[in-house]
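Examination of the molecular architecture
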Amino acid sequence: MSSLWATRAAAAEEAVRSRYLHRVGGAVPATRIGRIRSPRSGAPRARARALIGPWHYWWQAHLLDCLVDAQLRAPDPRRAAAIAGMVRGVRLRNLGRWTNDYYDDIAWFGLAVHRAGPRTRSGPRAVAAITARLRAGHTSDLGGGIHWRRGDDFKNAPANGPAAILLARTGAVELAAGITDWLADTLVDPDTGLVIDGVRPTADGVQRATTTYTYCQGVYLGACVELAQRTGDGRWRERAEAVLVATARHLAEPDGVVGGYDDGGDGGLFNGILARYLADAAARVPDLPHARDLVLASAEAVWAHRADTPHGPFFAHDWRRAAREPGPEAPEGDLSVQLSAWMLLEAAARLS
């Protein structure tokens, strides 16, 4: 079984790398970046636009994270070079900076670079710059937590969850615990046990953005597991178990398959991020409920529903439904959608 899931993860990797990974600007040596859609338009002007933009910093972070997953599964010096090239490419495409104004974006990239470790020489500088920015974004407004972006008053799970994980992994355990306590106190819905999107202040108090995205559950789970491993405090394991039970009850099908959320775009990444932290929970705290089963059931579904082509599989944005070969508007063409499936298959390979 382990070789089966590794083979499937490798097929997803090869499909994504061949379709999306290229040099910055199509030409800069020793760099890599992910194009946003595939196949590309044949028109010269559209091809030129594809080489320059649009710029989705956080999609690149997850592409890098998937490359690290694959390197851990099957080490290869060529992939190691691609990982180093991705870090250089993102910084170059981001105008020589490691950070931008979005705290969630930089937290994702910091996590991926930190996982890459010695495979990239500039990693420590990137992580230092990112964690310094995250610390600066933590305020007492709304009881704590980090803002979604600089200059905004919204605080949400997609910024605070990955920030807490990264801060814990880099030694700021007390700050990470404070952020995760804030998530538990502020964003966990007492009726469902699910993590809502975020909150913002109003003249009359607080406005709650109550949508329950799958990746919000994933990053809260990831922070709880990280802190459980690092502190031994029982509250983190209890909270991890509670959100797993809520996720299985409210966001998965009876057969354990996590359903679709969005027709591509940013939402294409949401379920894959959940799968990453489900696998992390199952691997590190094996007696937690549901985590392993949700990953493996979803992986079986996404693989069964793939669209095979001469150049490798395409995967659907909704893991319960059959994928299509992407046309001009089909979500299957989005890098985010294909990364999510690749992330899921790497998660299954890790657990098998």
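Residues numbered from 1 in each chain as written. Predicted model: local features only at pLDDT ≥ 70, side-chain atom pairs only at ≥ 80, totals over all residues. Heavy atoms only, no water.

**Comments concerning the sheet that holds strand β5 (residues 205-209)**
If you trace the three strands from one edge of the open sheet to the other, you get β3-β4-β5, paired in antiparallel fashion. Looking at strand neighbours, the two that pair on one side only are β3 (155-156) and β5, the edges of this open sheet. Strand direction decides the pairing type here: strand β4 (residues 198-202) and β5, joined by five bridges, are antiparallel. Its bridge partner lying in β5, Val-199 is registered against Arg-208. (Pairing = 2+ DSSP bridges. Helix = DSSP H or I, 4+ residues; strand = E, 2+ residues; numbered from the N terminus.)

**What about the side chain of Glu-346?**
Note that Glu-346 resides in helix α13 (residues 335-351). Setting aside residues up to four positions removed in sequence, Glu-346 forms contacts with Ala-9, Asp-69, Ala-70 and Arg-73. (Contact = heavy atoms within 4.5 Å.)

**Let's talk about a positive patch on the surface**
Judged by side-chain charge, Arg-88, Arg-91, Arg-121 and Arg-125 come together as a positively charged surface patch. A relative accessible area of 31% means that Arg-91 is categorised as partly exposed. (Patch = residues over 30% accessible without salt bridge, like charges linked within 9 Å, V, L, I, M, F, W, Y side chains within 5 Å. Areas by Shrake-Rupley, 256 points an atom, 1.4 Å probe, with all protein chains shown as cover. Salt bridge = Lys/Arg side-chain N within 4 Å of Asp/Glu carboxyl O. Lys, Arg positive; Asp, Glu negative; His and termini not counted. Charge placed at Lys NZ, Arg CZ, Asp CG, Glu CD. Buried < 20%, exposed > 50% of the residue type's maximum accessible area, 1.4 Å probe, protein only.)

**Some details on the packing of helix α9 (residues 214-231) against helix α10 (residues 234-250)**
α10 packs onto α9 with a crossing angle of 155° between their chain directions and a minimal axis gap of 8 Å. Classified by the angle between their axes, α9 and α10 sit roughly antiparallel to one another. Pair α9 / α10 crosses with left-handed handedness. Across the interface between the two elements, Gln-217, Tyr-220, Leu-221, Cys-224, Val-225, Leu-227, Ala-228 and Thr-231 from α9 touch Trp-236, Arg-237, Arg-239, Ala-240, Val-243, Leu-244 and Thr-247 from α10. Split by residue class, the contact of α9 with α10 holds ten nonpolar, three polar and two charged. (Axes fitted to C-alpha atoms, helices over the stretch in contact; angles between N-to-C directions. Parallel < 35°, antiparallel > 145°, perpendicular 65-115°, else oblique. Left-handed = near helix turned anticlockwise from the far one by under 90°. Nonpolar A, V, L, I, M, F, W, Y, C, P; charged D, E, K, R; others polar.)

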